[in-house]
Every structure is written in C-alpha cells, then in structure tokens.
Amino acid sequence: MENKFDSRLIVLALLFLLAITIYLLRMRAEVVELVETKTETEFVKIHIQIPRFRNANNLDFGNNLNSKIQEKVRNIVEEVKAAAHQAADDGTLRTKHEVYISTEMKFKSKDFVSLIIYYYTFTSSAHGITTFDTYNIDLKNSQLLTLKDTFSETCNYEKTIKDFITKKIISRKEEFFPEAVEYINNDDISKRAFTITKESLQIYYEDYEIAPHSTGLPVFEIPLSLLKPCLRVRID
C-alpha cells in the first residue's frame, strides 16, 4: 500500500515539474507581454496597459524600447497629476482627471510585432484627448519599421493606399473636412502611422487632422490582398 502511495507522489511530482517547465518555456518564448496597473487618488484616476518587450535578439534594443515607452507614459501621468493638483489648489477641480493608456496587439510572432498604444487624458476640458503611437518591430533585425521599410519600392504601394483612402473619404464625405482628399493626396504616406494584421494594413490619422472630433480617430483598413505582393514582412 505504501509503495503505491509513493508511486503516486512521484507521478504527481513529475507532472508538476513538467507543467512548470512548459510554462517557463512559453514565458521565454514570449517576445512581448502586456503589463497593466491601476491607481486612483483624490484627484486622479490612472489606468495603464503597456507592452514590455522581452527575449529580443538584441537585449539593448528591447530595453531601449521599454524605456522609451515608459518615459512617455511617466511624462503623461506627471503632467495630468500636476494639472489636477493645480485645479484643486485653484478650486476649479470639478471631477477627477484621468489617464487611460491601452495597447492593442495587431500581430505577434517571434520575429515581428505590430501594435498601437492609445493615450487618453481628461483634464476637465470639453472632452478628453486621445493620441497614439504605433510600433512595427522587426525583432530579428532589431529595427523599428516604417511603411517604406515594410513594402518594396518596386511596387507603387503609396498609390494603392492613397487611392483606397480617398475612395473611402468620398463615400463618407460628410464625416470629413472638405480638404481631406487633397490632404491625403499631398501626404507623405511612407511616414504615416500604421499597423498590420493578417488581413489588413491599418493607416491612422490624428484627431482633427482630416476630420472633426465627432468622427473619431480616422483609421483606414486596406485589405492586405491589395498589397501582399509588395510586402517585405512575413505575416502568417
């Protein structure tokens, strides 16, 4: 009876060790994780969800990315905190100021990551302000990619993107500024913020850049099938 009990303990111990090993291997394989924190004080509500890069081929590259993102978040939080405390001192604080930072992962593999970080702040104005940063990262070569890096110059990818966007604007012209089409046509699309999924390329514009605030942040999703022959990055 005692031998059977000992055998069961050994089997359970081995299964536990196997589970721990699998978990650790998966953690090591993860190239990016989302880290979330929440804080609320008398004057400010803060919610932060940002990426943390790990296991990059180039450790310095990953650490520099993390530092860059963390520094921007820290500056935003300190700025909103200062505004809230100033409003409280002046007697004009009517509601808590807010910082809400979130990350949307668009694509992730061991060699390539595409994501967008949204920064929302509210400081008792008519409405909150949302800005963003996009990151398209070649982890294999430790490089932040632009559209110019992502698509081959042998293809006229800029024309394909602009034609798609202008058609969308014309079909919904009441949602955009009258000069939006001209703005798109004159824009250097190769420097435009973007992300990629398996299905599409997303092109982003800032609030009030080509449309009023009521439209929301303009995002155009171009089917990747229109651009895949030009694509330098492996998306599968």
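First, a word on scope: everything that follows refers to the structure included in this document. Just so we're clear, the structure is a prediction, and the values are computed from it rather than from any experiment. (Residues numbered from 1 in each chain as written. Predicted model: local features only at pLDDT ≥ 70, side-chain atom pairs only at ≥ 80, totals over all residues. Heavy atoms only, no water.)

A short note on the overall build of the protein
And then number 1: Within the protein one finds five helices and nine strands.
And then number 2: Counting from the amino terminus, helix and strand elements in the protein follow one another as α-β-β-α-β-β-β-β-α-α-α-β-β-β.
And then number 3: When the 236 residues of the protein are sorted by exposure, 38% land in the buried category.
And then number 4: Of all intrachain contacts in the protein linking residues separated by at least 6 positions in sequence, the fraction that spans at least 24 positions is 55%.
And then number 5: Only carbon and sulfur atoms are counted for the fraction: they give 53% of the accessible area of the protein, which is about 14,200 Å². (Helix = DSSP H or I, 4+ residues; strand = E, 2+ residues; numbered from the N terminus. Buried < 20%, exposed > 50% of the residue type's maximum accessible area, 1.4 Å probe, protein only. Contact = heavy atoms within 4.5 Å. Areas by Shrake-Rupley, 256 points an atom, 1.4 Å probe, with all protein chains shown as cover.)

Describing the packing of aromatic side chains
And then number 1: Considering all chains together, one arrives at five aromatic pairs under this definition.
And then number 2: Judged by centre distance (5.9 Å) and plane angle (40°), the ring pair of Phe107 and Phe112 falls under tilted. Summarising the burial analysis for this pair, Phe107 and Phe112 share the class buried.
And then number 3: On the basis of an interplanar angle of 50° and a centroid distance of 5.6 Å, the ring pair of Phe132 and Tyr204 is categorised as tilted. Of the two residues, Phe132 sits in strand S5 (residues 129–138) while Tyr204 sits in strand S8 (residues 200–204), which places them 72 residues apart along the sequence. When sorted by exposure, Phe132 lands in the same class as Tyr204, which is buried.
And then number 4: Three or more aromatic residues joined by ring pairs form one cluster here, namely Phe176, Tyr205 and Phe220. (Phe/Tyr/Trp six-rings, centres within 6.5 Å; stacked < 30°, edge-to-face > 60°.)

Brief notes about helix H2 (residues 59–90)
And then number 1: For H2, which comprises 32 residues, the first-to-last C-alpha distance of 46 Å matches the rise-based estimate of 46 Å (1.5 Å per residue) to within 8%.
And then number 2: Residues Phe61, Gly62, Leu65, Asn66, Ile69, Val73, Ile76, Val77, Val80, Ala84 and Ala87 constitute the buried set of H2.
And then number 3: Its buried side turned inward, H2 meets strand S2 (44–53), strand S3 (97–108), strand S4 (112–122), S5 and strand S6 (143–144).
And then number 4: Where H2 starts, the residue carrying a side-chain oxygen 3.0 Å from the main-chain nitrogen of Asp60 turns out to be Asn58.
And then number 5: Downstream of H2 by a residue or two, Gly91 has a phi angle that is positive, lying close to 80°. (Expected span 1.5 Å × (residues − 1). Polar contact = N/O pair within 3.5 Å; in protein donor to acceptor, adjacent residues only side chain to side chain.)

What to know about the state of the cysteines
And then number 1: Using the criterion set out here, one finds one disulfide in the structure.
And then number 2: Through a disulfide, Cys155 is tied to Cys230; the S-S separation comes to 2.5 Å. Here the S-S torsion is close to -100°, and the disulfide linking Cys155 with Cys230 is therefore left-handed. With Cys155 in the loop between helix H3 (147–150) and helix H4 (157–171) and Cys230 in the segment after strand S9 (219–223), this pair connects stretches of sequence that are 75 residues apart.
And then number 3: For Cys230, a relative accessible area of 9% translates into the label buried. (Disulfide = S-S within 2.5 Å.)

Some details on the environment of Ile165
And then number 1: Tracing the sequence through the fold places Ile165 in helix H4.
And then number 2: By relative accessible area, which is 0% here, Ile165 ends up buried.
And then number 3: Through-space distance from the C-alpha of Ile165 to that of Phe220 is 6.5 Å; in sequence the pair is 55 residues apart.
And then number 4: Setting aside its immediate chain neighbours within four residues, Ile165 contacts Ile184, Ile189, Ile203, Tyr205 and Phe220.

Considering the sheet that holds S4
The strands making up a sheet associate through hydrogen bonds between their backbones, and the pairing can be parallel or antiparallel.
And then number 1: Here we have six strands laid out as an open sheet, ordered S1-S2-S3-S4-S5-S6, and mixed in their pairing. Strand pairing shows two members of the sheet lacking a second neighbour, strand S1 (32–40) and S6, which therefore form its edges.
And then number 2: Two elements, S5 and S6, share two bridges in a ladder whose sense is antiparallel. Within S6, the position partnered with Ile137 by the bridge is Leu144.
And then number 3: Along the sheet, H2 makes contact with S2, S3, S4, S5 and S6, crossing S2 at roughly 175°. (Pairing = 2+ DSSP bridges. Axes fitted to C-alpha atoms, helices over the stretch in contact; angles between N-to-C directions.)

A word on the nonpolar core
And then number 1: Counting 29 residues, the largest nonpolar core has Leu147, Ile161, Ile165, Leu201, Ile203 and Ile210 as its most contacted members.
And then number 2: Of all the secondary structure elements, the ones that give two or more residues to this core are H4, helix H5 (180–186), strand S7 (194–196), S8 and S9.
And then number 3: Of the residues forming this core, the biggest block, five residues, is contributed by H4.
And then number 4: In terms of nonpolar packing, the next biggest core, distinct from the first, is built from 25 residues, Val31, Phe43, Ile48 and Val80 among them. (Core = buried A, V, L, I, M, F, W, Y, C linked by side-chain atoms within 4.5 Å.)

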